[in-house]
There are 2 protein chains.
Amino acid sequence: MARRTRSGRKAQSGPFLQIGHYPAQLRHPFAPQDYLNPDAIEDIHDTALRVLENLGIKVLLPEAVDLLRKAGATQHDDMVMIGRDMVQAALETAPKSFPLMAANREKSLLIEPAMMIFSPGAGCPNATDRLRGRRPGDKESYEEALKLHQSFDVIHLVGPSAEPQDIPAHLRHYTFMQSQIGLTDKPVFVYARGQAQVEESFDMIRLGLNLTDKEFVATPWTKTVINTNSPRQLDRPMSRGIIDFARHGQILVITPFCLAGAMAPITVAGALVLQHAEALAGITLAQIVRPGAPCVYGAFGSNVDMKSGAPAFGTPEHMQMTLGSGQLARHIGLPWRSAAGTAANLADAQAAGETQQSLWAALNANATMTFHAAGWLEGGLTFGYEKFINDIEALQSIAHMVKRPDMDQSALGYDAIEEVQPGGHFFAAAQTMQRYQTAFYPPLVADLANFGTWTENGSITAEDRATKIWQTILAEFKPPKGSEEREGRLLDYIARAREKGGAPIMD
Amino acid sequence: MARRTRSGRKAQSGPFLQIGHYPAQLRHPFAPQDYLNPDAIEDIHDTALRVLENLGIKVLLPEAVDLLRKAGATQHDDMVMIGRDMVQAALETAPKSFPLMAANREKSLLIEPAMMIFSPGAGCPNATDRLRGRRPGDKESYEEALKLHQSFDVIHLVGPSAEPQDIPAHLRHYTFMQSQIGLTDKPVFVYARGQAQVEESFDMIRLGLNLTDKEFVATPWTKTVINTNSPRQLDRPMSRGIIDFARHGQILVITPFCLAGAMAPITVAGALVLQHAEALAGITLAQIVRPGAPCVYGAFGSNVDMKSGAPAFGTPEHMQMTLGSGQLARHIGLPWRSAAGTAANLADAQAAGETQQSLWAALNANATMTFHAAGWLEGGLTFGYEKFINDIEALQSIAHMVKRPDMDQSALGYDAIEEVQPGGHFFAAAQTMQRYQTAFYPPLVADLANFGTWTENGSITAEDRATKIWQTILAEFKPPKGSEEREGRLLDYIARAREKGGAPIMD
């Protein structure tokens, strides 16, 4: 049991870094739960279809309205009514399974219902850690987060954990792509902030990953999240994103963000109806643009505190919506995304409890992708370094369970039980000697010392222990094999594009 | 949304106490998971039977050995070999369902597989809180813990959270019973510390709850935990406890405490074999004493840290053993007990994470009873007041999920969705106005304030917020209706028994 770091060198100081190694892709260890009555799932689906056909959805991009109308939708004032026949047709062409390629092909993912994919906390305007405090996200925190994502097998997708606000918006997509391609070899994300930035981002993926146009369009190489503007609205950049990603065969994660009581009905049932209607509208538009466009049914539902209006996460209602969303996704047969989350302001017991609860709901609902699975704080306003490290412990624990324990004769241990007499112990049993080095999950943050030792060592909490871990990881970080070459292929393109003034984001 | 405490008075200061009210008994919201292959469960069961018939178990109480021999067991030196026919006969007489009565009959429990029963952290030599620090358990902390148990509906059984070490051992059972009967109206526990204390404890239950001998023996009114001395040993007080509880028809929770790598084989499979063999031996002895004696299949398996030998809890192996134990319990058809746990030394993110993980494993395994579900720290060495409060949040969140959300037409919210236009919000919708007061789970400890407000309020962590909560609960505590009368009936008995010198514990 040598105390070695992941890179094979001896740990100099600080915590013993034991980063678990897991397969590039995991399958759910648990069967999905049918928490809601199957009749209720039918009712939610049907009510969502009634919302789309009778009440409609407001679509702010004329091109998207035209596409929907040509496919049979009707327009009343500024509302587009989408018939259930159109939705049904879309569900028939939407693929149930598709790949998401990575620079390192071994980290490419198959996106289909039984898979269990974890994505880091993302979209946070701020970053925080115990050394530097809470501050607006910048290029440094954006890149540090990418290094953390790259360093753990249980993070399958990289994401924009902290927004690099020090980069002007019209140039930010260059940083997004260059840093992802230069620091990681996992599937990358692109923000749908208008056609100009999306097309340049696609250019950079093609260049960096050395793909022909044909290769790029033939297979998904990236994904974006489309957030509808609940209730019942699809804004210009989001509509544009659906069209552009669908045309290029890239993955759309179409995610209404339905907070019951605020932008969605106060009931779990009603919030699920609204979520379902909006997600189906987005999926329908994508399938009109390109039948077979890869779409992930997106669900991110929770509730607000009715006293303050503050969003809450990891609550019973969050879990109920997640469980119901899984049933709705299975009802329509698509892979789907869920989200973990917490409203806590630091990586304390509340943060861990809420995140675990939303994570376990996602597991019991068999979420294909669980977003914000590590590092999300303050309902997404802040990416927390210590929170990230603590969440990795939970994800690794779950990943460990994917592999069933050995159940052969040797593991059943009749001989070991015979060897150890009553009153004895198994520390020196032959079975133990053969297996002790790899028998158990090695904790990343958990301190198993007893109270005396722990006190002598300074009574350090899990949050504070995590500080040394991320520091060590960042200090030892080496970009993955091939990334320098991939990044190198982008440099001229980015320099020229910057010279031309960058690319605007869409309002 | 008036800010009222549970007792109906306005909260004076400190956190707004929102203690959830739940039915006295909960059923599992989730289907049990078949995590291990059914063949593996057969193999574990069969290997455990081979252990019992070929290797045997050491039983230190001659009366227990005699009972087993008369029922067909053979003795080789100091080992008792139990044939699979004996085990099979025991499983045929062990009841699959039985009640556990409480002073308040509305809090009586039905013990059967689909039930979800939570028991507090118990058996801790120490207690800790943020005000008074960590100290040896005493009568004060024992009674304070009972008050906390009594105050939350999601704690179904009271337990000896902190051991009252300031009471001499030969008198301690009087304190155990008087405080439980005087401060709570839920089902009580008795420690199996020898026949003298057990019989006096039974006397006190009969007296306090005003039961005839016949009434007491006809129905279970209390339970005890029988911990086998793994590996393969049943000591004198535990053997004695099985005999005495079975004879009186009281509940035996027969629980091998199998820590893989230490007192059990290092493999999950092997540790489950040992657990299963020992539990079956105990159940068999109980059924020999009294066919139909109420037995709960006990499982408390985790692993140790192989570098230090320190017990670990909430680990992947703990979860795997819990999931496998649920399958084994279903295989033999008995209600069963699991345990949550953590090795953490304070109520931080590690404590919450480990406890949640072991709790969710118990949920997915459909544990009938989950012990140590609130307040357990340091692998059981300490009862933590703040940990207890934070764990209650998790238990209430799960209890909330037992009740499925409304799925009728009004809840589906088509009208509400029609009422709120795109770009609008649901805060003032008619559906919201009808439901906002009771729509969502009200958090006990979680602080949903944003970062600015939370910082202005002093950046208080979940652990520190919990301090005010338990303080308020203890300050406002009133013993339940009828408890004064019940306790009053014990006073003469206890005074006389003390005068006679108490009752010894068994070695």
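All of these numbers come straight from a predicted model, not from anything done at the bench.

The rules behind the values
- Residues numbered from 1 in each chain as written.
- Chains lettered and ligands numbered in written order.
- Predicted model: local features only at pLDDT ≥ 70, side-chain atom pairs only at ≥ 80, totals over all residues.
- Heavy atoms only, no water.
- Helix = DSSP H or I, 4+ residues; strand = E, 2+ residues; numbered from the N terminus.
- Rg over C-alpha atoms; globule rule 2.2 N^0.38 Å.
- Buried < 20%, exposed > 50% of the residue type's maximum accessible area, 1.4 Å probe, protein only.
- Contact = heavy atoms within 4.5 Å.
- Areas by Shrake-Rupley, 256 points an atom, 1.4 Å probe, with all protein chains shown as cover.
- Buried area = accessible area lost by both parts, 1.4 Å probe.
- Salt bridge = Lys/Arg side-chain N within 4 Å of Asp/Glu carboxyl O.
- Polar contact = N/O pair within 3.5 Å; in protein donor to acceptor, adjacent residues only side chain to side chain.
- Nonpolar A, V, L, I, M, F, W, Y, C, P; charged D, E, K, R; others polar.
- Pairing = 2+ DSSP bridges.
- Axes fitted to C-alpha atoms, helices over the stretch in contact; angles between N-to-C directions.
- Expected span 1.5 Å × (residues − 1).
- pLDDT = per-residue confidence, 0-100.
- Phe/Tyr/Trp six-rings, centres within 6.5 Å; stacked < 30°, edge-to-face > 60°.

**Q** Sorry, what's going on with the overall build of chain A here?
**A** Across its full length, chain A holds 19 helices and 21 strands. Over its C-alpha atoms chain A spans a radius of gyration of 24 Å, differing by no more than 12% from the 23 Å that the globule rule assigns to 507 residues. Along the three orthogonal principal directions, the C-alpha set of chain A runs to about 80 × 60 × 45 Å. Counting every position in chain A, which comprises 507 residues, the buried fraction comes to 66%. Excluding contacts between residues fewer than 6 apart, the proportion of contacts in chain A whose partners are at least 24 apart in sequence is 75%. Accessible area for chain A stands at about 16,900 Å²; split by element, carbon and sulfur atoms hold 50% of it.

**Q** What should I look at first to understand the interface of chain B and chain A in this one?
**A** How big an interface is tends to be reported as the loss of accessible area on association of its parts. Across the boundary between the two partners, chain B contributes 106 residues, which contact 106 residues of chain A. Roughly 9,400 Å² of surface becomes buried between chain B and chain A when both sides are summed, with 68% attributable to carbon and sulfur atoms. On the chain B side of the interface with chain A, the three residues burying the most area are B:Tyr414, B:Phe440 and B:Leu448, jointly 9% of the side's total. Between the two partners, chain B and chain A, sit zero salt bridges. Here chain B is connected to chain A by 38 residue pairs in polar contact (both at pLDDT 80 or more). The element best represented in the side of chain B that touches chain A is helix α11 (residues 349-364) of chain B, accounting for nine residues. Along the lines of polarity and charge, the residues of the side of chain B that touches chain A split into 58 nonpolar, 29 polar and 19 charged.

**Q** Even after reading the chapter, I still don't get the sheet that holds strand β1 (residues 26-27) of chain A, so can you show me in this structure?
**A** One key point about sheets: their strands pair by backbone hydrogen bonds, in either a parallel or an antiparallel sense. Residues and elements named next belong to chain A. Taken together, the eight strands give an open sheet; going across it, the order is β1-β7-β19-β18-β15-β13-β11-β10, and neighbouring strands pair in mixed fashion. The open sheet has two edge strands with one neighbour each: β1 and β10 (188-189). The pairing of β1 with strand β7 (residues 115-118) spans two bridges and is antiparallel. Counterpart to Leu26 in the pairing with β7 is Met116. Helix α9 (residues 268-289) contacts β13 (251-254) and β15 (295-298) of the sheet and is inclined by roughly 170 degrees relative to β15.

**Q** How should I be thinking about the sheet that holds strand β14 (residues 257-260) of chain A in this particular structure?
**A** All names here are of chain A. Spatial ordering of the open sheet is given by β14-β16-β17, a layout of three strands whose pairing is mixed. The sheet is open, and its two edges are formed by β14 and β17 (311-312), each paired on a single side. Bridge analysis of β14 against strand β16 (residues 300-304) gives four bridges, and the strand direction is parallel. Each residue of the ladder has a partner; that of Ala260, found in β16, is Asn303.

**Q** How should helix α10 (residues 316-332) of chain B be read in this particular structure?
**A** The periodicity of an α-helix, 3.6 residues per turn, causes residues three or four places apart in sequence to face the same way. Residues and elements named next belong to chain B. The first and last C-alpha atoms of α10 sit 24 Å apart over 17 residues, in line with the 24 Å expected at 1.5 Å per residue. The element α10 is extensively covered by neighbouring structure, given that 15 of its 17 residues are classed as buried. Looking at the residues trailing α10, positive phi occurs at Gly333, about 80 degrees.

**Q** Whenever I open this one, the confidence of the model for chain A confuses me. Can you help?
**A** Any region with low pLDDT has predicted coordinates that should not be read closely. Residue and element names in this part refer to chain A. Counting all residues, the mean pLDDT for chain A is 95, and 97% of those residues have values of 70 or more. In the model, residues 1-15 has pLDDT below 50 throughout and makes 27 contacts with residues more than four positions away in sequence or in other chains. Complex prediction metrics read pTM 0.96 and ipTM 0.96.

**Q** Whenever I open this one, the pairing of strand β16 (residues 300-304) of chain B confuses me. Can you help?
**A** Remark: a regular strand shows side chains that alternate across the two faces of the sheet. Residues and elements named next belong to chain B. The buried fraction of β16 is high, at five of five residues. Two strands pair when backbone bridges link them, and β16 and strand β17 (residues 311-312) are joined in this way by two bridges, in the antiparallel orientation. Looking at β17, one finds that Val304 is bridged to Pro311.

**Q** Just checking my understanding: could you explain helix α17 (residues 462-476) of chain B for this structure?
**A** Compared with the 21 Å implied by 1.5 Å per residue over 15 residues, the 21 Å span of α17(B) between its first and last C-alpha is a close match. Within α17(B) the residues assigned to the buried category are B:Ala462, B:Glu463, B:Arg465, B:Ala466, B:Thr467, B:Ile469, B:Trp470, B:Ile473 and B:Leu474. Of the surrounding secondary structure, the elements contacted by the buried residues of α17(B) are α11 (349-364) of chain A together with β8 (126-129), α4 (139-151), α12 (385-402) and α16 (451-456) of chain B.

**Q** Please clarify how the packing of aromatic side chains should be interpreted in this entry.
**A** Two descriptors summarise a pair of aromatic rings, namely the distance from one centre to the other and the angle between the planes of the rings. Residues and elements named next belong to chain A. For the structure shown, the criterion picks out 37 aromatic pairs over all chains. Ring centres 5.6 Å apart and planes at 50 degrees place the aromatic pair Phe300 and Trp376 in the tilted group. Placement of the pair is Phe300 in strand β16 and Trp376 in strand β20 (residues 376-377), with a sequence separation of 76 residues. Residue Phe300 shares its accessibility class with Trp376, and that shared class is buried.

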